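Inside the fold
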Amino acid sequence: MEEAKEKYTLKQLRGLKGYSKEELARKSNVTSRTIFIYETDIEKMRNGKYSTLDKIAKALGVRVSDIFLDPNSEKPKQTN
């Protein structure tokens, strides 16, 4: 039986990798402003270009679908 994978926000995924916004921006070839906007406004991220989200996901080593939390999802516990 496959274990359920926990979903994380973009900010949490970035934190798990230990990347700053600027570092993720460099690794994904996306502006740090875009990273900031996507971390603070889920609706803007949901309406963002797939190609941009794909670059971010690849830089984090995840799929695009892994950075979206369903509105009914329970947010994961702090990863400290």
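Since this is a predicted model, take the numbers as computed values, not measurements.

**Considering the overall build of the protein chain**
A tally of regular secondary structure across the protein chain gives 5 helices and 0 strands. Tracing the protein chain from N to C terminus, the helices and strands come up as α-α-α-α-α. When the 80 residues of the protein chain are sorted by exposure, 35% land in the buried category. Long-range contacts, defined here as pairs at least 24 residues apart, represent 53% of the contacts in the protein chain between residues at least 6 apart. Accessible surface, the protein chain as shown: approximately 5800 Å² in total, 47% of it carbon and sulfur.

**Re the pattern of salt bridges**
Tallying each qualifying case throughout the model produces 5 salt bridges. Between Glu43 and Arg46 there is a salt bridge; the shortest N-O distance is 3.1 Å. Separated by 3 residues within a single helix, Glu43 and Arg46 lie in helix H4 (residues 42–46), roughly one turn from each other. A relative accessible area of 43% places Glu43 in the partly exposed class. A cluster of three or more residues bridged by salt bridges with shared partners is formed by Arg14, Lys21 and Glu39.

**With respect to helix H1 (residues 10–17)**
Turn by turn, an α-helix covers 3.6 residues, leaving residues three or four places apart pointing in a common direction. Buried residues of H1: Leu10, Gln12, Leu13 and Arg14, and no others. Buried residues belonging to H1 abut helix H2 (21–28), helix H3 (32–40), H4 and helix H5 (50–60). With its phi angle positive at about 75°, Gly18 sits one or two positions after the end of H1.

**Notes on H5**
Of all the positions in H5, only Thr52, Leu53, Ile56, Ala57, Ala59 and Leu60 are classed as buried. Seen from one end, H5 has its buried residues packed into an arc of 160°, which puts them on one side. Facing away from the buried side of H5, by more than 90 degrees, are the exposed residues Tyr50 and Lys58. Of the surrounding elements, those touching the buried residues of H5 are H1, H2, H3 and H4. Phi turns positive, to about 75°, at Gly61, one or two residues after H5.

Analysis parameters
- Residues numbered from 1 in each chain as written.
- Predicted model: local features only at pLDDT ≥ 70, side-chain atom pairs only at ≥ 80, totals over all residues.
- Heavy atoms only, no water.
- Helix = DSSP H or I, 4+ residues; strand = E, 2+ residues; numbered from the N terminus.
- Buried < 20%, exposed > 50% of the residue type's maximum accessible area, 1.4 Å probe, protein only.
- Contact = heavy atoms within 4.5 Å.
- Areas by Shrake-Rupley, 256 points an atom, 1.4 Å probe, with all protein chains shown as cover.
- Salt bridge = Lys/Arg side-chain N within 4 Å of Asp/Glu carboxyl O.
- Arc of directions from axis to C-beta.

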